[in-house]
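Here is how the chains run, residue by residue.
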Amino acid sequence: MDLQLEQKWNEELIAITRSVTDVLSSNLSSDTGKILTYFLLTIENYIAFHQACVAFSNEDQKTLQFVISNEHKEFEFDNSISSPFEGTVSGLVFSQRKPFLSGDLKSEEGFPLSAVIESSRYIYSCICVPIYCNNKGIGTFSLWSEEKNKYSRREMLIMQQLSGLLSIAIESSRLYNEARKSAADISALVQIGQVISSAMELDKLSRCVIEELDKVISFPYAGLYLYNEERNSLKLVDAKGVEGKEREISQEEVLNRHPGWVIKNKSTLLVNDVSTDERIRFPDNENYEIPASLCYVPMLYQDKCFGIIGLASNKKNYFTHDHVRLVTAVAKQVAIAFSRTLLYQREKEMVIKLKEANKLKDEYIGNISHELRTPLTAIIGFSYLLKGGRIGSVSPIQMELIEDVLTSAQNMLHLVEDLLDLSKLQAKKINLNKRETNLQVIIDEVITTVRIMADEISVTIEKYFDDHFPNVYVDPDRMRQIILNLVTNAVKYNREGGSVKIFLHDEKEFLVIKVLDTGIGIKQEDQASVFEQFRQLGGGIRKFRGTGLGLSITKQLVELHGGEILLESELARGSTFTIRLPREHIYTEKSSTIPSTPAIVPVTIVPSGLKPLEEKKKNTILLVEDEVGIRKMVEFLFRDEFEFIFARDGIEGLSETLRHSPDLILMDLALPNMDGYETTKIIKSISRTKDIPIIAFTARITEEDMDKTVLYSFDKIINKPFQPDRLVNEIRDFLSKKSYSKED
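Not measured: the values here are computed from a predicted model. (Residues numbered from 1 in each chain as written. Predicted model: local features only at pLDDT ≥ 70, side-chain atom pairs only at ≥ 80, totals over all residues. Heavy atoms only, no water.)

Caption draft 1: Up close: the packing of aromatic side chains. In this structure the tally under the stated criterion is seven aromatic pairs. Pairing Y318 with F319 gives two aromatic rings, centres 5.1 Å apart and planes at 85 degrees, and the pair type is edge-to-face. Between the NZ or CZ atom of R279 and the centre of the ring of W261, over which it lies, the distance is 4.6 Å. One cation-aromatic arrangement involves R580 over F510; the distance from NZ or CZ to the ring centre is 4.3 Å. (Phe/Tyr/Trp six-rings, centres within 6.5 Å; stacked < 30°, edge-to-face > 60°. Lys NZ or Arg CZ within 6 Å of the ring centre and 35° of its normal.)

In structure tokens:
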């Protein structure tokens, strides 16, 4: 979660920086007040304030020149005020070179009301940051609000990030004013600014910087170096007239040569005659042509050096102070761009880490699901066998205990399924299997499922359906899950002797499913969060069991169907959950009287034109399963009806298939030695076994698994755990289709 929050924060910071950079790049002016006003109007989109102030250090370094925004949030330098440092927020920030944040300025010691000239008497909150130019403090920038505790560390970090842009704006304005006669200089700044505002790739950015500077200064040699602070090394990322691009300057070279001086001092190195300056040292290389003059400018941002822009010429006294100012302005922009690019790269790395973490999480949940579903299959299966008297009669007390075991196992299964669904929804890996569905049939099934739970606390369940409610085009399994979760909650959170009412309405614009209860209700302030993950209706008290995922999953499944879910609730009086599906989900004009949700065809039905073969011989079923408990359960379930052959892995399963040619194969997918997919692929490729129906039999089923079951031609897939009755019906259904032949 920390990675996700940091990623979101980085994205926001990049967007703000880009927005401000775009405004400043497209509004260069010799009027510093106008540039500051543009700057102020832009950041107002991200930080609310009532007043802003820019304070510049005077030459005496003892007083500040304050420029305060007017009621239109514009800066007018004609109305500036000069004042000593003492008693002002700006003076404190400038002298200490540290940002300042206060939620109630009037309670701060050392700032008497009469001396706080940056603000009016109604101001309470303040945030102030220093402004640097050439790594030297030149003033401060502050925002003020009439609300107490208006600003937080978030706004302070944004202000710190933007203070560098403000420094660039001020310096660009000064350069523009001094060099407006030089259209080439301005063109270079604008062009580089535009590229910087959009470029996230270092190659594109560095190439633009070299090319645009060359248009203005026309130098024979240039290099743009990135500084690695951890390794204390420089890397040449782009150059003109210099061999060995991408060459890395080692730590020893950095420390012992003039680039090291620039990095260490964070200062510009302008030398018009390299033969007279002891700081200049070049490699001992006969092929290296030593220049006559050079200009190395550090790329500084927030007191951090990101690298160097180095220019060199064969002529002495080639570089002027105007050149230095231009390169310095460019270096600042590039430093900010590199800072943003590093954020971008870190964000990309975090995205990769998040994807990897999500992948590992999905694999972990899938593996845990498999490990839990496999024993649950045996527990639920044996419980059904005991309950049905298939292994012998049981006493009333034993029956009650069996019911408890079965209920606990099914509750655990629901928890596992919730976690799986959540993982799939987060990864957007749930595909709806839509078909014609009768919601009345599904609601009847849901009522049957929760009836025992409702009877335990004397809760009545009533249903009200509009006449001729139409069949709908939805995923019946997911719709059953949605309705079951709402009705289960309505019963679970109800009072003893309460009621639950389920409605189906065919309204003008929507098809409506409504579940109303007379339960504990939900507080008004909690209603907005009931659909959040891991949020339980019980308000934090562990009176009601569950993961707190049900309503979150329900909401997402409803939205996958293109619908919406609404909540109305009153504390101690009950809740109403309403699902609204668009009318395009109608499958036919009116609901059919025959349930349209597919049902299993009983074995006793003989299709027209078919005749049964002799029933004396038992059908042979091969179960390929490595879990002993599952093999025993299936054997107990069918031993009077079918002949069973067992195999413990894929290789043994293939061998038994070739030896016996069974009538049906139950194939577990997660097998040792050779998995169920490969085993099935081989069986389906052999002419004498390719027509044997194979039912995939697995505890782990993902969207990828579903795709592979189609690819490997499984005839059916059944999830573990399963109700034995369902497995019985599925097997009988397949064998009944095989046991009939058409008459000639």
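Past the structure itself, the notes keep going.
Caption draft 2: Seen up close, the nonpolar core. The biggest cluster of nonpolar side chains holds 61 residues, and the ones touching the most others in it are F39, F141, L143 and I309. For this core, the leading source of residues is helix α9 (residues 321-387), giving eleven residues. Not counting residues within four places of it along the chain, the set of residues in contact with L143 comprises L40, I43, I47, F49, Q51, A52, S125, C126, I127, Y151 and M159. In terms of nonpolar packing, the next biggest core, distinct from the first, is built from 41 residues, L439, V450, V491 and L551 among them. (Core = buried A, V, L, I, M, F, W, Y, C linked by side-chain atoms within 4.5 Å. Buried < 20%, exposed > 50% of the residue type's maximum accessible area, 1.4 Å probe, protein only. Helix = DSSP H or I, 4+ residues; strand = E, 2+ residues; numbered from the N terminus. Contact = heavy atoms within 4.5 Å.)

Caption draft 3: Fine view of the pattern of salt bridges. This structure, assessed with the given rule, holds 23 salt bridges. Between D238 and R207 there is a salt bridge; the shortest N-O distance is 2.4 Å. Linking D238 in strand β8 (residues 233-240) with R207 in helix α6 (residues 202-217), this pair joins segments that are 31 residues apart in sequence. Its salt-bridge partner being E445, residue R480 comes within 2.8 Å of it at the nearest N-O pair. Of this pair, R480 sits in helix α12 (residues 476-492) while E445 sits in helix α11 (residues 439-456), placing them 35 residues apart in sequence. The class of E445 is partly exposed, set by a relative accessible area of 32%. Salt bridges here are not isolated pairs; linked through shared partners, they connect E12, R154 and E155. (Salt bridge = Lys/Arg side-chain N within 4 Å of Asp/Glu carboxyl O.)

Caption draft 4: Main features of unusual backbone geometry. The backbone of H468 shows a phi angle near 60 degrees, a positive value even though the residue is not glycine. On the secondary structure map, H468 appears in the loop between β14 (460-465) and β15 (472-474). Although it is not a glycine, S661 sits at a positive phi angle of roughly 45 degrees. Within the fold, S661 resides in the loop between α15 (650-660) and β23 (664-668). Judged by relative accessible area, which is 35%, S661 ranks as partly exposed.

Caption draft 5: Just α12, in detail. Over its 17 residues, α12 runs 24 Å from end to end, which matches the ideal 24 Å to within 8%, given 1.5 Å per residue. Where α12 is concerned, the buried positions are P476, R478, M479, I482, I483, N485, L486, V487, T488, N489, A490 and V491. Sitting at the head of α12, D475 places a side-chain oxygen 3.1 Å from the backbone nitrogen of D477. (Expected span 1.5 Å × (residues − 1). Polar contact = N/O pair within 3.5 Å; in protein donor to acceptor, adjacent residues only side chain to side chain.)

Caption draft 6: Spatial organisation of the sheet that holds strand β5 (residues 125-133). In space, the six strands of this open sheet follow the order β3-β2-β1-β6-β5-β4, with antiparallel pairing throughout. Looking at the sheet topology across the chains shown, the edges are occupied by β3 (81-84) and β4 (100-102). Shown here is a sheet whose adjacent strand axes are inclined to one another by a mean of 20 degrees, direction ignored. When strand β2 (residues 63-68) meets β3, the two strands line up antiparallel, connected through four bridges. Counterpart to Q65 in the pairing with β3 is S82. Where helix α2 (residues 32-43) meets the sheet, its contacts fall on β1 (51-57) and β6 (136-145), and the angle it forms with β6 comes to roughly 45 degrees. Those strands touched by helix α3 (residues 89-96) are β1, β2, β4, β5 and β6, and its axis lies near 145 degrees from that of β6. (Pairing = 2+ DSSP bridges. Axes fitted to C-alpha atoms, helices over the stretch in contact; angles between N-to-C directions.)

Caption draft 7: Looking closely at the sheet that holds strand β21 (residues 620-624). One open sheet accounts for five strands, arranged β22-β21-β23-β24-β25; its pairing is parallel. Two strands bound the open sheet, and with one partner strand each, they are β22 (643-647) and β25 (716-719). Strand-to-strand, the axes of this sheet are offset by a mean angle of 20 degrees, without reference to chain direction. Sheet topology note: the β21/β22 ladder contains five bridges and is parallel. The residue of β22 that forms the bridge with L622 is I645. Strands in contact with helix α14 (residues 628-638) are β21, β22 and β24 (694-698); relative to β22, the strand with the most contacts, it is inclined by about 175 degrees.

Caption draft 8: A look at the packing of helix α10 (residues 396-426) against helix α13 (residues 550-560). Across the interface, α10 lies against α13 with an axial gap of 10 Å and an inter-helix angle of 45 degrees. Viewed along their axes, α10 and α13 adopt a mutual orientation that is oblique. Crossing of α10 against α13: the hand is left-handed. On α13, the residues touching D418, D421, L422 and L425 of α10 are G550, I553, Q556, L557 and L560. Taken together, the residues of the contact of α10 with α13 break down into five nonpolar, two polar and two charged. (Parallel < 35°, antiparallel > 145°, perpendicular 65-115°, else oblique. Left-handed = near helix turned anticlockwise from the far one by under 90°. Nonpolar A, V, L, I, M, F, W, Y, C, P; charged D, E, K, R; others polar.)

Caption draft 9: Main features of the pairing of β1. Along β1, seven of the seven residues are buried, which leaves the element largely enclosed by surrounding structure. Of the two faces of β1, the one lined by Q51, C53, A55 and S57 and the one lined by A52, V54 and F56 are each fully buried. Two elements, β1 and β6, share six bridges in a ladder whose sense is antiparallel. Across the sheet, the residue bridging to A52 is L143, located in β6. Pairing geometry for β1 and β2, over five bridges, is antiparallel. Each residue of the ladder has a partner; that of S57, found in β2, is L64.

Caption draft 10: Quick look at the confidence of the model for the chain. Looking at the chain, pLDDT values average 79 and 81% of them are 70 or higher. Of the regions scoring below 50 in pLDDT, residues 740-744 engages in 14 contacts with residues more than four places distant in sequence or in other chains. (pLDDT = per-residue confidence, 0-100.)

Caption draft 11: Summary view of the environment of R639. Secondary-structure assignment places R639 in the loop between α14 and β22. Apart from residues lying up to four places away in sequence, R639 is in contact with R390 and K618.

Caption draft 12: How the structure looks around the state of the cysteines. Tallied over the entire structure, the rule returns zero disulfides. Not engaged in a disulfide, the cysteine C53 finds its nearest cysteine sulfur in C128; these two sulfurs lie 7.6 Å apart. Judged by relative accessible area, C53 falls into the buried class, the value being 0%. (Disulfide = S-S within 2.5 Å.)

Caption draft 13: View of the packing of α15 against helix α16 (residues 676-685). Where α15 meets α16, the closest approach of the two axes is 9 Å, and the angle between their N-to-C directions is 20 degrees. In terms of orientation, α15 lies roughly parallel with respect to α16. In terms of crossing hand, the pair formed by α15 and α16 is right-handed. Facing α15, whose interface residues are G650, L654 and T657, α16 presents T679, I682 and I683. Considered class by class, the residues forming the contact of α15 with α16 number three nonpolar, three polar and no charged.

Caption draft 14: Spatial organisation of the environment of Y587. Residue placement: Y587 occurs in the loop between β19 (574-582) and β20 (610-612). Judged by its relative accessible area of 42%, Y587 is partly exposed. Sequence-wise, Y587 and Y473 are 114 residues apart; in three dimensions their C-alpha atoms are separated by 5.2 Å. Those residues in contact with Y587 that sit more than four places away from it in its chain are E436, N471, V472 and Y473.

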